[in-house]
Amino acid sequence: MVTAENGVAIAPVELGLADYAAHSSRTRGRQHRESPPGFRTEYQRDRDRIVHCTAFRRLIYKTQVFVNHEGDLYRTRLTHSLEVAQIARAVARALALNEDLVEAISLAHDLGHTPFGHAGQDALNDCMREYGGFEHNLQSLRVVDELESRYADFAGLNLTYETREGILKHCSLRNARQLGELGQRFIERRQTGLEAQLANLADQLAYNNHDVDDGLRAGLIDLEQLAEIPFFAATMTAVKSKHQRLVGRPLAQEVVRNMIDQLVADLIVTSQQQIDDASPNDIDAVRALNGPLISFSAEHVDAQRQLKSFLHRALYQHPKVHRMTERADRIVRFLFAQLMSDFGNMPVAHAENARAAEQQGGTASAARVIADYVAGMTDRFAIDNYARLGGKD
Ligand code: MG
């Protein structure tokens with residue numbers, strides 16, 4: 001609590017939270033001690049730091065499925081992150097969870113992604129195979145813990161434990177062992193807080209539905225194909241019975257909107273039921289449970305699975321997307337090899353980092369500096385550098 005000069009006490013507001021939610025006043029804290037924020041909660045401070053960081057601004061030029069220059073109307077990682085935050089906040093408020101925390105996790109969850117979505121990540125992971133691999137979740141944590149350089153007192157953003165716990169959705173056991181308290185839950189198979197569980201599902205919900213929407217917009221999938229998905233077909237029938245004249249793109253948009261609506265409603269109702277049944281007293285009781293409490297009903301888990309397997313088959317393997325994926329793979333491998341063979345291909349500060357890392361920790365350490373540099377690239381920056389270093393299309 002802050003006492004203003006006139007003696008009036010002002011506390012940051014965190015009203016209406018359930019006992020089982022994350023409470024700012026009970027945070028496990030930050031790696032580097034800091035005085036509490038004056039008029040914000042700890043999680044508002046986390047969210048604000050994320051929005052102001054460089055990696056967050058780069059998300060606008062990074063893509064998931066469609067490369068940034070293919071069109072202005074497709075989702076980017078930035079708009080995806082905003083959609084995840086919006087969905088997660090709506091559910092958080094309905095369940096009396098901490099909206100600020102769930103927003104911070106949602107906005108940060110993709111900060112570690114390479115250019116060109118999963119194709120870029122797979123290629124970089126392969127390049128790093130001998131040097132400890134590359135995991136995008138772990139990289140998001142690395143960005144907020146180490147790579148961002150904005151504050152005089154510490155490297156990284158020095159976020160709270162709860163936000164970092166939410167960012168690290170998955171992690172190999174080998175890496176978990178090196179992460180101290182944060183990695184312990186993967187070893188002991190403990191749960192995260194509910195806000196982290198929620199951000200994870202809001203992510204899936206958002207990308208499944210917006211990939212359908214973007215795929216339709218790009219003309220790579222059509223309504224007839226989508227009608228093979230029982231969940232989509234049932235929703236389309238319901239929409240058509242309400243709006244008989246709706247066809248084409250307006251119909252598709254209304255169906256996608258309705259699917260999101262159903263999934264969000266199901267997520268709230270199912271999760272509330274599970275929370276009521278388990279009735280945890282606080283966030284540590286949530287962490288000690290055998291499974292997550294935030295989830296879809298079995299029926300809607302299946303609906304999500306239908307969407308996902310359709311997208312894998314029809315969109316992600318589409319010849320046009322596949323061509324882009326192959327190009328992304330080629331670009332990332334080429335860049336990594338060129339930078340490894342001559343650190344001077346990077347800007348001076350990065351080259352110096354790589355040299356210093358090599359002297360201290362050998363090739364693996366230098367490779368990590370290069371992986372950080374490549375992972376930080378936007379799609380267009382990677383494409384430009386590919387051409388500059390003599391890459392051929
Ligand atoms: Mg995501």
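Residues numbered from 1 in each chain as written. Predicted model: local features only at pLDDT ≥ 70, side-chain atom pairs only at ≥ 80, totals over all residues. Heavy atoms only, no water.

A. Representation of the packing of aromatic side chains within the structure. The tally for this structure, following the rule as stated, stands at three aromatic pairs. With a centroid separation of 5.0 Å and an interplanar angle of 80 degrees, the aromatic rings of phenylalanine 334 and tyrosine 386 are classed as edge-to-face. Of this pair, phenylalanine 334 sits in helix α16 (residues 319–341) while tyrosine 386 is found in helix α19 (residues 379–388), placing the two residues 52 residues apart along the sequence. Take phenylalanine 334: its relative accessible area is 22%, and that puts it in the partly exposed class. A ring pair is formed by tyrosine 373 and phenylalanine 381, whose centres lie 6.4 Å apart and whose planes are at 85 degrees; its orientation type is edge-to-face. On the accessibility criterion, tyrosine 373 (10% relative accessible area) is buried. The ring of phenylalanine 186 carries the charged tip of arginine 185 above its face, separated from the ring centre by 4.1 Å. Here the guanidinium or amino end of arginine 380 rests over the ring plane of tyrosine 61, the centre of that ring lying 3.8 Å away. (Phe/Tyr/Trp six-rings, centres within 6.5 Å; stacked < 30°, edge-to-face > 60°. Helix = DSSP H or I, 4+ residues; strand = E, 2+ residues; numbered from the N terminus. Buried < 20%, exposed > 50% of the residue type's maximum accessible area, 1.4 Å probe, protein only. Lys NZ or Arg CZ within 6 Å of the ring centre and 35° of its normal.)

B. Main features of the coordination of the magnesium ion. Donor atoms from the polypeptide that bind the magnesium ion are His80 (NE2), His109 (NE2), Asp110 (OD) and Asp203 (OD), placed at 2.1 to 2.7 Å. Written as a sequence motif, the donor residues of the magnesium ion are H-x28-H-D-x92-D. With histidine 80 in helix α3 (residues 77–94) and histidine 109 in the loop between α4 (99–108) and α5 (117–127), the pair connects residues that are 29 residues apart, well separated along the chain. Of the residues examined, histidine 80 reaches a relative accessible area of 0% and is grouped as buried. A residue is classified by how much of its surface remains accessible, and histidine 109, at 4% relative accessible area, is buried. (Donors = N, O, S within 2.8 Å, 3.2 Å for Na, K, Ca; no water.)

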